Structure formats: C-alpha cells, structure tokens
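Each chain is listed here by its residues.
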Amino acid sequence: DIGFDRNNVLLVDVNLKAPNLTVTHQLATDQEIERRLCALPGVVSCGRSSITPISGNEWNQFLHAESPTAPTGEASLTYFNSISPGYFMTLRTPLLAGRDFNNQDGKGAPRVAIVNQTLARKFYANLDPLGRTFRLDEAPGKTGPPIQIVGVVKDSKYTSLREDTYPTAFLPINQEPGIHVGGNFALRTAVRPSALARSVEDAVAGVNKASSVEFHTLAEQVDDSLVQERMLGLLSGFFGALALLLAMIGLYGTFSYLV
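Residues numbered from 1 in each chain as written. Predicted model: local features only at pLDDT ≥ 70, side-chain atom pairs only at ≥ 80, totals over all residues. Heavy atoms only, no water.

Caption draft 1: The arrangement of the pattern of salt bridges in detail. Under the definition given, this model contains 13 salt bridges. For Arg188, the salt bridge identified is with Asp5, shortest N-O distance 3.6 Å. Residue Arg188 is located in strand E11 (residues 184–189), and its partner Asp5 is located in the segment before strand E1 (9–15); the two are separated by 183 residues in the primary sequence. Residue Asp155 is joined to Arg121 by a salt bridge in which the shortest nitrogen-to-oxygen separation is 3.5 Å. Of this pair, Asp155 sits in the loop between strand E9 (147–153) and strand E10 (168–172) while Arg121 sits in helix H3 (residues 117–123), placing them 34 residues apart in sequence. The class of Asp155 is buried, set by a relative accessible area of 15%. The exposure class of Arg121 is exposed, given its relative accessible area of 52%. (Salt bridge = Lys/Arg side-chain N within 4 Å of Asp/Glu carboxyl O. Helix = DSSP H or I, 4+ residues; strand = E, 2+ residues; numbered from the N terminus. Buried < 20%, exposed > 50% of the residue type's maximum accessible area, 1.4 Å probe, protein only.)

Caption draft 2: Quick peek at empty space enclosed by the protein. All chains considered together, the criterion is met by 1 cavity of 30 Å³ or more. Counted as a void, the largest cavity has a volume near 150 Å³. For the largest cavity, the lining is made up of 17 residues, of which Tyr87, Ser156, Lys157, Tyr158 and Phe170 are closest to its centre. Elements supplying a minimum of two residues to the lining of the largest cavity: helix H2 (87–91) and E10. For the lining of the largest cavity, the element with the highest residue contribution is H2, accounting for 3 residues. For the lining of the largest cavity, a count of residues per class yields 9 nonpolar, 6 polar and 2 charged. (1 Å grid on protein atoms, 1.4 Å probe; cavity = no way out; pocket = protein on both sides within 12 Å on 5 of 7 lines; lining within 4 Å. Points joined across faces, edges and corners; volume = space filled by probe spheres on them. Nonpolar A, V, L, I, M, F, W, Y, C, P; charged D, E, K, R; others polar.)

Caption draft 3: Layout of helix H4 (residues 197–205). Taken together, the buried positions of H4 are occupied by Val200, Ala203 and Val204. On an axial view of H4, the arc spanned by its buried residues comes to 95 degrees, and they lie on one face. On the buried face of H4, the contacting elements are E1, helix H1 (23–38), E11 and strand E12 (212–217). (Arc of directions from axis to C-beta. Contact = heavy atoms within 4.5 Å.)

Caption draft 4: Seen up close, a nonpolar patch on the surface. On the surface, Met231, Leu234, Leu235, Phe238, Phe239, Leu242, Leu245, Leu246 and Ile249 cluster together into a nonpolar patch covering about 920 Å² of accessible area. Along the chain, the position of Leu235 falls in helix H6 (residues 227–258). With a relative accessible area of 40%, Leu235 lands in the partly exposed category. (Patch = residues over 30% accessible without salt bridge, like charges linked within 9 Å, V, L, I, M, F, W, Y side chains within 5 Å. Areas by Shrake-Rupley, 256 points an atom, 1.4 Å probe, with all protein chains shown as cover.)

Caption draft 5: Just the state of the cysteines, in detail. Tallied over the full model, the rule gives 1 disulfide. Residue Cys38 pairs covalently with Cys46 via a disulfide, S to S 1.7 Å. For the disulfide bridge between Cys38 and Cys46, the dihedral angle about the S-S bond is near -75 degrees, and by the sign convention the bridge is left-handed. By relative accessible area, Cys38 is classed as partly exposed at 34%. Look at Cys46 and you get buried, because its relative accessible area is 5%. (Disulfide = S-S within 2.5 Å.)

Caption draft 6: Quick look at the packing of aromatic side chains. By the definition in use, this model includes 7 aromatic pairs. With a centroid separation of 5.1 Å and 65 degrees between ring planes, the pair formed by Tyr79 and Tyr158 is classed as edge-to-face. Pair noted here: Tyr79 is in strand E4 (residues 77–83) and Tyr158 is in the loop between E9 and E10, with a separation of 79 residues, a long-range link. In this structure, Tyr79 and Tyr158 share a single accessibility class: buried. For the pair Tyr87 and Phe170, a centre-to-centre distance of 6.3 Å together with 40 degrees between the ring planes defines the contact as tilted. Placement of the pair is Tyr87 in helix H2 and Phe170 in strand E10, with a sequence separation of 83 residues. Neither Tyr87 nor Phe170 differs from the other in exposure class; each is buried. In this structure an aromatic cluster arises from ring pairing among Tyr79, Tyr158 and Tyr166. (Phe/Tyr/Trp six-rings, centres within 6.5 Å; stacked < 30°, edge-to-face > 60°.)

This is the structure:
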C-alpha cells in the first residue's frame, strides 16, 4: 500500500523562466496557474506541491515537538512537503483526523501542519496530536514559531517504494516562503492524462507565455522507480525459461535413447 492512487494523475512541472521574479509574484503566478488548471474540462481535482511522490527529491529537518515522549537529536529527523489544499484529494490520500488545508492558511495566518500516522505515533505516543505544536530549526541554536497540527493523514511513500515509511509533515504551500514556492502541479483526470497536454500548455501560457512545461504521469514516475526490480525480474524469467528448455531437451534425449 503506497498511500495514494497513482492512476489517472498528470504531473505538470512549470518553469517560469524568470530568475528575478519575487517570491510574492511567483506565489501569485503559481496560484493563478493552479486555478486555471483546476477549471480545465476533464480535470477532476488538482493540487500543487514542492515535491511529488516517488520523485527521489526530499526535504528534511529536525522537528522539536512539544511532547514528553518526543525523540530528540538524530531521531527527530522528519520529512516535509509543502502543498496546496487540493493535494490530498488529488492523490486520494485519506485524511484520518482533523481538517485539510484551506485558502485561509496563507501568509500572515497562524502556522499549521498536517502530519502522517508515523509522525503522530513517533512524536505523540498515546496522545492526540491534534492541536499540539512543534517547531523547526531556523538557525543554529534557534527554533522558529510554533506550528499547530490540524490534521492527520494516512501514511504514504515519499521518495521510494522500497523505503520504510518516514515521519512526514505537510505545510501549506501558500504559507511557506522562499524555496518552498513550487511549480509542481498534479491533476487527477477523468480522461487519459496525456489528452490534456495541449489544454494545460494553453492555460499556463495564458498566465506566463515564457513558461516551459514538462509532462509525465504519476504512474510512469512510480514505474520508473522500479527499473532495477523489473530488470532483475526479466533476467530471472529469461534464465528460468532457458533452464526449462535445457531440461526438456535433456529429458527428450534420455527417453528417446531408452525407446
């Protein structure tokens, strides 16, 4: 169980090609692109994130939980992702408790987070994580403001299908400044994902004509992560068939000689 539905999800990577773009302008541009993509015919839901599942990318920090049972030091290393309100609905990752993000979780609003089951068990053992807070390192010896947990989601794979499930926290992408503003869009479609490529390009160009767009599906991204296993399976099947063929030839020769 990978924790999400990989089928019928088109991943769209948008490069604005504007190195001098301010964070505020980039955030507004990404929001407008997301709004237009969600309105396209054939799109069931869409979401934006800094990192897409099983992409090999990661973002981790030490988490300081306000809990008597919380681990410290290296054991407190936690994985993160910043997402828009439609992310979990698009990937069909179930929300188990609390609430999802909404448009009010933006800049200037109280900082909030949604955590996965593994983080809730590891940092808040025998406690209800909802309403509790944690902090992140901002500088050596200094932590940032408290971040309140408002929801718990089902565990899902992060960088690889081979991994053990990591403690993971999700933050509102509209609340995270700097490098966590991202142009990774996920679209759940009611039609074949590739059929929407032209419509997506037109929607992005309507916001920023200089942008470049790359497409692939979430199913392809998951399959690409299994190249090693697929190759081993193919080689094993080939040598197994070869051994069977040699055994058949040997048995045929033996029985032919006896007859």
